[in-house]
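Descriptive structure summary
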Amino acid sequence: MVEQRELGQTKIKVNPLGLGCMGMSDFYGPSDEETNMAVLDRALELDCNFWDTSDIYGPFKNEELLGRYFAKSGNRDKVFLCTKFGIVRHKNTGERLGVNGKPEYVRQCCENSLKRLGVKTIDLYYMHRPDPETPIEDTVKAMAELVKEGKVRYIGLSEHSADEIRRAHKIHPISAYQAEFSPWTLDIETNGVLETTRELGISIVAYSPLGRGFLTGGIKSRDDLAKDDWRLANPRFSEENFPKNLKLVEKIHALSEKKGVAPAELILSWVLAQGNDFLTIPGTKRVKYLEQNIRGGQVQLSAEELAEIRKVVDAATTSGSRY
């Protein structure tokens, strides 16, 4: 069993090896309801109770999926439920239309998410991305109102700057900051974000810790991805960059073999070893990968192993931007 960690300064403890639910409904090719429900059931059997979704996954389909799960299973009280608002997508085409952090939009999104999820309260409510047209203070004031009303317990930010985090935290305590973090994405270490969150006592929730599956070695070529898989359009998965990025995968595979664990297990244990303020939400729609991920949260790395992994990570050259 993975030792639980406190979320920010909330006194609430959760399994730091959480579950990203996005891929069950969007971006990564087809899935089916029965399998998704089995993954959710198995997650709770394994004490994986920190679940992440967003109103844009689908759009709306992922929240609706979780709503059906809670209605069917009665397991709402076993889950620390996180969702997000802010990114606007066309409900039919899925086209990204921008970001909205206006106070009236915050409230509208929260009310809609509560209905889709079939819950009275969202445990952690994130602003998904910064809105350049709306001061972060105005957005967070609206989020704070939702906390006062009992519709939201804690609030978080995602992909905001260090300055925006500080400004937001002055309005209302920020409990979590969601960022892409993995062996090929270390931005928060150099842009002031990690320094800021640690100063303010904010947890880091690392998304895409496995490099959207690439770093596990399970994707040998672009042909392994479904035709409607979003990753085919991602710069790091391009025909030019794919083979270049396999060099890091090969080095991670060698380290995992030496440790006697799967690459995914090694990576997730490394992410969590960055500090007790780190949590992570690897996504999956397969029970076997969920179980593998949970094992990763239980792997212990020595100081020597951490240094060896860090040497490989720091020396790696990643080809292609994140988006």
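None of these values were measured; they are calculated from a predicted model.

1. Comments concerning helix 10 (residues 303-315)
Residue pairs spaced three or four apart in an α-helix point in one direction, given the helix's 3.6 residues per turn. Under the 1.5 Å per step criterion, the end-to-end length of helix 10 is 18 Å for 13 residues, consistent within 8% with the ideal 18 Å. If you check which residues of helix 10 are buried, you get Ile 309, Val 312 and Val 313. Buried residues along helix 10 cover an arc of 100 degrees about the axis, so they all sit on one side. Those residues of helix 10 that are exposed and angled more than 90 degrees off the buried face are Ala 303, Glu 304, Lys 311, Asp 314 and Ala 315. Buried residues along helix 10 sit in contact with helix 7 (242-259) and helix 8 (263-272).

2. Things to note about empty space enclosed by the protein
This structure, assessed with the given rule, holds 1 cavity of 30 Å³ or more. When its volume is computed, the largest cavity comes out at roughly 40 Å³. Considering the residues around the largest cavity, the lining is formed by Pro 183, Ile 252, Leu 255, Leu 266, Ile 267, Trp 270, Ile 309, Val 312 and Val 313. Put simply, the parts of the chain that give the lining of the largest cavity at least two residues each are helix 7, helix 8 and helix 10. Considering only residue class, the lining of the largest cavity consists of 9 nonpolar, no polar and no charged.

3. Details of the pairing of strand 11 (residues 203-207)
Within strand 11, 5 of the 5 residues are buried, leaving the element largely enclosed by the surrounding structure. Across the two faces of strand 11 the burial is the same, with Ser 203, Val 205 and Tyr 207 and Ile 204 and Ala 206 all buried. Bridging between strand 10 (residues 174-180) and strand 11 involves 5 bridges; their strand directions are parallel. Paired with Ala 176 across the bridge in strand 11 is Ser 203. As a crossover connection, the stretch from strand 10 through helix 6 (residues 193-200) into strand 11 is right-handed. Of the pairings in the sheet, the one linking strand 11 to strand 12 (residues 278-280) comprises 3 bridges and is parallel in character. Note that in strand 12 the partner of Ile 204 across the bridge is Phe 278.

4. Considerations on the UniProt feature "domain: NADP-dependent oxidoreductase" (unreviewed entry) in the chain
Within this structure's numbering, the places UniProt gives as "domain: NADP-dependent oxidoreductase" (unreviewed entry) are residues 16-313. The span residues 16-313 carries 41% helix and 15% strand; its end-to-end C-alpha distance comes to 22 Å.

5. Considerations on the nonpolar core
Counting residues in each nonpolar core, the largest one holds 78 residues, and the members touching the most others are Leu 19, Trp 51, Tyr 177 and Ile 188. The element contributing the most residues to this core is helix 8, with 7 residues. Not counting residues up to four positions away in its chain, the partners in contact with Leu 19 are Met 24, Val 39, Leu 40, Ala 43, Cys 48, Phe 50, Trp 51, Asp 52, Ile 281, Pro 282, Thr 284 and Leu 290. Core analysis: the second largest hydrophobic core is formed by 13 residues, Phe 50, Tyr 126, Tyr 154 and Ile 281 among them.

6. Details of the packing of helix 7 against helix 8
Look at helix 7 against helix 8: their axes get within 8 Å of each other, and the N-to-C directions meet at 90 degrees. As summarised for this structure, helix 7 and helix 8 are arranged roughly perpendicular, according to the angle between their axes. Together, Ile 252, His 253, Leu 255, Ser 256 and Lys 259 of helix 7 and Pro 263, Leu 266 and Ile 267 of helix 8 make up the contact between the two elements. Residue composition of the contact of helix 7 with helix 8, grouped by class: 5 nonpolar, 2 polar and 1 charged.

7. Section: the pattern of salt bridges
This structure, assessed with the given rule, holds 27 salt bridges. A salt bridge links Asp 123 to Arg 153; the nearest nitrogen and oxygen atoms lie 3.0 Å apart. In this pair, Asp 123 sits in strand 8 (residues 122-127) while Arg 153 sits in strand 9 (residues 152-158), placing the two residues 30 residues apart along the sequence. Each of Glu 159, Glu 180, Asp 187, Arg 212 and Arg 322 takes part in salt bridges that share partners, so that together they form one network.

8. Examining unusual backbone geometry
Residue Gly 58 is joined to Pro 59 through a cis peptide bond whose omega torsion reads -10 degrees. Within the chain, Lys 11 stands out as a residue other than glycine whose phi angle is a positive 70 degrees. The topology assignment puts Lys 11 in the loop between strand 1 (5-6) and strand 2 (13-14).

The rules behind the values
- Residues numbered from 1 in each chain as written.
- Predicted model: local features only at pLDDT ≥ 70, side-chain atom pairs only at ≥ 80, totals over all residues.
- Heavy atoms only, no water.
- Helix = DSSP H or I, 4+ residues; strand = E, 2+ residues; numbered from the N terminus.
- Expected span 1.5 Å × (residues − 1).
- Buried < 20%, exposed > 50% of the residue type's maximum accessible area, 1.4 Å probe, protein only.
- Arc of directions from axis to C-beta.
- Contact = heavy atoms within 4.5 Å.
- 1 Å grid on protein atoms, 1.4 Å probe; cavity = no way out; pocket = protein on both sides within 12 Å on 5 of 7 lines; lining within 4 Å.
- Points joined across faces, edges and corners; volume = space filled by probe spheres on them.
- Nonpolar A, V, L, I, M, F, W, Y, C, P; charged D, E, K, R; others polar.
- Pairing = 2+ DSSP bridges.
- Right-handed = clockwise from strand over helix to strand, strands pointing away.
- UniProt positions renumbered as here; feature names shortened; annotations may be inferred.
- Core = buried A, V, L, I, M, F, W, Y, C linked by side-chain atoms within 4.5 Å.
- Axes fitted to C-alpha atoms, helices over the stretch in contact; angles between N-to-C directions.
- Parallel < 35°, antiparallel > 145°, perpendicular 65-115°, else oblique.
- Salt bridge = Lys/Arg side-chain N within 4 Å of Asp/Glu carboxyl O.

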